[in-house]
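Given next are the chains, with one letter for each unit.
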Amino acid sequence: MQPIRPIIPNSPPKKPHTMIEIKGIKKSFGDLQVLKGIDLTINKGEIVSIVGPSGAGKTTLLQIIGTLDKPDNGRITIDGTDISSMNKKQLSEFRNKHIGFVFQFHQLLPEFNALENVMIPAFIAGASHSEAKKRAEELLDFMGLSDRANHKPNELSGGEKQRVAVARALVNHPDVILADEPSGSLDTKNKTELHQLFFDLRDKFGQTFVIVTHDESLATITDRTIHLRDGEIEHPEETTENTEQQEQDKQ
Ligand code: ADP
Ligand code: MG
């Protein structure tokens with residue numbers, strides 16, 4: 001009789017690799033306290049969605065994780081590096097190498113074609129022309145966009161532009177991809193394709209994704225959903241239990 005489960009050789013249980021660790025993050029704009037003490041740990045290769053009503057602080061939290069904004073209090077560590085005490089120059093270098101952003105609106109540069117748009121962050125990081133081109137071509141190929149590489153943004157569909165924006169976010173092989181309502185401007189078909197792409201990329205490159213979304217269909221398929229309301233994570237104890245359970249289930 002065939003065993004129901006394949007026999008797995010004895011190996012030590014995998015310890016999760018912490019990619020993002022956030023402790024006690026607070027942020028105010030004037031009198032308005034937007035983040036009231038956020039604690040959150042995200043493992044390498046996790047796809048986490050952040051949901052919550054408009055004004056809850058989702059974008060602010062994502063910008064702080066992405067080093068684009070500074071918290072008033074608290075600490076953020078990304079892959080073991082404490083970014084809280086870095087100066088502006090160190091932060092922009094760190095961001096360029098380790099973090100990729102995808103926004104709701106693609107923010108591609110209109111005067112450059114798709115290939116060039118993807119190459120630009122690689123140049124900024126010091127890659128040679130041939131290296132940048134090679135990486136950009138590979139990514140566009142992976143996204144099924146090879147035949148669109150020489151087209152400028154105004155010659156691409158909404159879905160294509162957003163996939164080019166994802167390729168641009170990936171060109172420096174960042175550890176973390178941060179996306180703020182990335183499918184907010186797409187129709188259902190393109191939305192589904194973009195969401196599938198995030199999972200394909202995680203499976204291929206092992207990247208960590210934090211995605212702010214209003215899209216229920218995306219939130220439900222991510223590994224974990226963080227509910228943000230009035231600057232606080234709702235039910236943090238339940239979130240932790242779910243994660244531990246998921247880790248146990250994986251082992
Ligand atoms: P969400 O993305 O969840 O809709 P945001 O993080 O964009 O929420 O904003 C949270 C609150 O902080 C909102 O009330 C918003 O108006 C305010 N806010 C965000 N950025 C700034 C800023 N730079 N200056 C002043 N207020 C801001
Ligand atoms: Mg927002």
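Note that the structure is a prediction, hence the values are computed from the model and not measured.

Overview of the overall build of the protein
Logical step 1: Summing up its helical and strand segments, the protein has eight helices and 10 strands in all.
Logical step 2: In the protein, which comprises 251 residues, the proportion classed as buried is 37%.
Logical step 3: For the protein, the proportion of contacts with a sequence separation of at least 24, taken over those separated by at least 6, is 72%.

Let's talk about the site of ligand 1
Logical step 1: Phe29, Leu32, Val34, Gly52, Ser54, Gly55, Ala56, Gly57, Lys58, Thr59 and Thr60 make up every residue found near ligand 1.
Logical step 2: Breaking the shell around ligand 1 down by element, the ones donating at least two residues are strand 2 (32–43) and helix 1 (58–65).
Logical step 3: A total of three residues in the shell around ligand 1 trace back to one element, the largest contributor, which is helix 1.
Logical step 4: In the shell around ligand 1, the residues fall into four nonpolar, six polar and one charged.

Comments concerning the packing of helix 5 (residues 158–170) against helix 6 (residues 188–205)
Logical step 1: With their axes 10 Å apart at the nearest point, helix 5 and helix 6 run at an angle of 20° to one another. Judged by the angle between their axes, helix 5 and helix 6 are roughly parallel. Helix 6 is crossed by helix 5, and the crossing has right-handed handedness. On helix 6, the residues touching Gly158, Gly159, Gln162, Arg163, Val166 and Leu170 of helix 5 are Asn190, Glu193, Leu194, Leu197 and Leu201.
Logical step 2: Taken together, the residues of the contact of helix 5 with helix 6 sort by class into five nonpolar, four polar and two charged.

Here we look at the pairing of strand 4 (residues 73–78)
Logical step 1: Two elements, strand 1 (residues 18–29) and strand 4, share five bridges in a ladder whose sense is antiparallel. In the sheet register, Lys23 faces strand 4, and the bridge partner there is Arg75.
Logical step 2: By the bridge criterion, two bridges tie strand 4 to strand 5 (residues 81–82) in an arrangement that is antiparallel. In the strand pairing of strand 5, Ile78 is matched with Thr81.

Considering helix 5
Logical step 1: Spanning 13 residues, helix 5 covers 19 Å between terminal C-alpha atoms, matching the ideal 18 Å at 1.5 Å per step.
Logical step 2: Within helix 5, 10 of the 13 residues are buried, leaving the element largely enclosed by the surrounding structure.
Logical step 3: Burial in helix 5 covers these residues: Lys161, Gln162, Arg163, Val164, Ala165, Val166, Ala167, Arg168, Ala169 and Leu170.
Logical step 4: Buried residues belonging to helix 5 abut strand 6 (99–102), helix 3 (114–124), helix 4 (129–142), strand 7 (176–180) and helix 6.

Notes on the sheet that holds strand 10 (residues 232–233)
Logical step 1: Reading across from one edge, 6-7-8-3-9-10 is the order of the six strands in this open sheet, with mixed pairing throughout. The open sheet has two free edges, formed respectively by strand 6 and strand 10, since each of these has just one partner strand.
Logical step 2: Two strands pair when backbone bridges link them, and strand 6 and strand 7 are joined in this way by four bridges, in the parallel orientation. Residue Ile99 lies in a different strand from strand 7, and its bridge partner there is Val176.
Logical step 3: Along the sheet, helix 5 makes contact with strand 6 and strand 7, crossing strand 6 at roughly 165°.

A look at the sheet that holds strand 4
Logical step 1: Spatially, the four strands line up as an open sheet ordered 2-1-4-5, and their pairing is antiparallel. One side of each edge strand has no neighbouring strand; the edge strands of this open sheet are strand 2 and strand 5.
Logical step 2: The strands that helix 1 touches are strand 1, strand 2 and strand 4; relative to strand 1, the one it contacts most, it runs at about 125°.

Section: the environment of Thr213
Logical step 1: Along the chain, Thr213 turns up in the loop between strand 8 (208–212) and helix 7 (216–221).
Logical step 2: When residues no more than four places from it in sequence are discounted, the contact partners of Thr213 are Ser49, Val51, Glu181, Leu218 and Ala219.

Quick look at the pairing of strand 9 (residues 224–229)
Logical step 1: Sheet topology note: the strand 3 (residues 47–51)/strand 9 ladder contains four bridges and is parallel. By the bridge assignment, Val48 is partnered in strand 9 with Arg224.
Logical step 2: Sheet topology note: the strand 9/strand 10 ladder contains two bridges and is antiparallel. Bridging from a neighbouring strand, Arg229 pairs with Glu232 of strand 10.
Logical step 3: Taking the residues between adjacent antiparallel strands as the criterion, strand 9 and strand 10 are bridged by two residues, where Asp230 takes a positive phi near 50°.

A closer look at the confidence of the model for the protein
Note that predicted coordinates carrying low pLDDT should not be read in detail.
Logical step 1: For the protein, per-residue confidence averages 88 on the pLDDT scale, and residues scoring 70 or more make up 88% of the total.
Logical step 2: Contacts for the low-pLDDT stretch residues 240–245, under 50 throughout, to residues beyond four places or in other chains number two contacts.

Examining the nonpolar core
Logical step 1: Counting 57 residues, the largest nonpolar core has Ile65, Val118, Ala136, Leu140, Ala167, Leu178 and Val210 as its most contacted members.
Logical step 2: Sort the elements by how many residues they give to this core and helix 5 lands first, with six residues.
Logical step 3: For Ile65, the contacting residues outside a window of four places in its chain are Ile20, Ile22, Ile76, Leu178 and Val210.

The rules behind each value
Residues numbered from 1 in each chain as written. Chains lettered and ligands numbered in written order. Predicted model: local features only at pLDDT ≥ 70, side-chain atom pairs only at ≥ 80, totals over all residues. Helix = DSSP H or I, 4+ residues; strand = E, 2+ residues; numbered from the N terminus. Buried ≥ 20, exposed ≤ 12 C-beta atoms within 10 Å, placed from the backbone. Contact = placed C-beta atoms within 7 Å. Near = placed C-beta within 6 Å. Nonpolar A, V, L, I, M, F, W, Y, C, P; charged D, E, K, R; others polar. Axes fitted to C-alpha atoms, helices over the stretch in contact; angles between N-to-C directions. Parallel < 35°, antiparallel > 145°, perpendicular 65-115°, else oblique. Left-handed = near helix turned anticlockwise from the far one by under 90°. Pairing = 2+ DSSP bridges. Expected span 1.5 Å × (residues − 1). pLDDT = per-residue confidence, 0-100. Core = buried A, V, L, I, M, F, W, Y, C linked by C-beta atoms within 7 Å.

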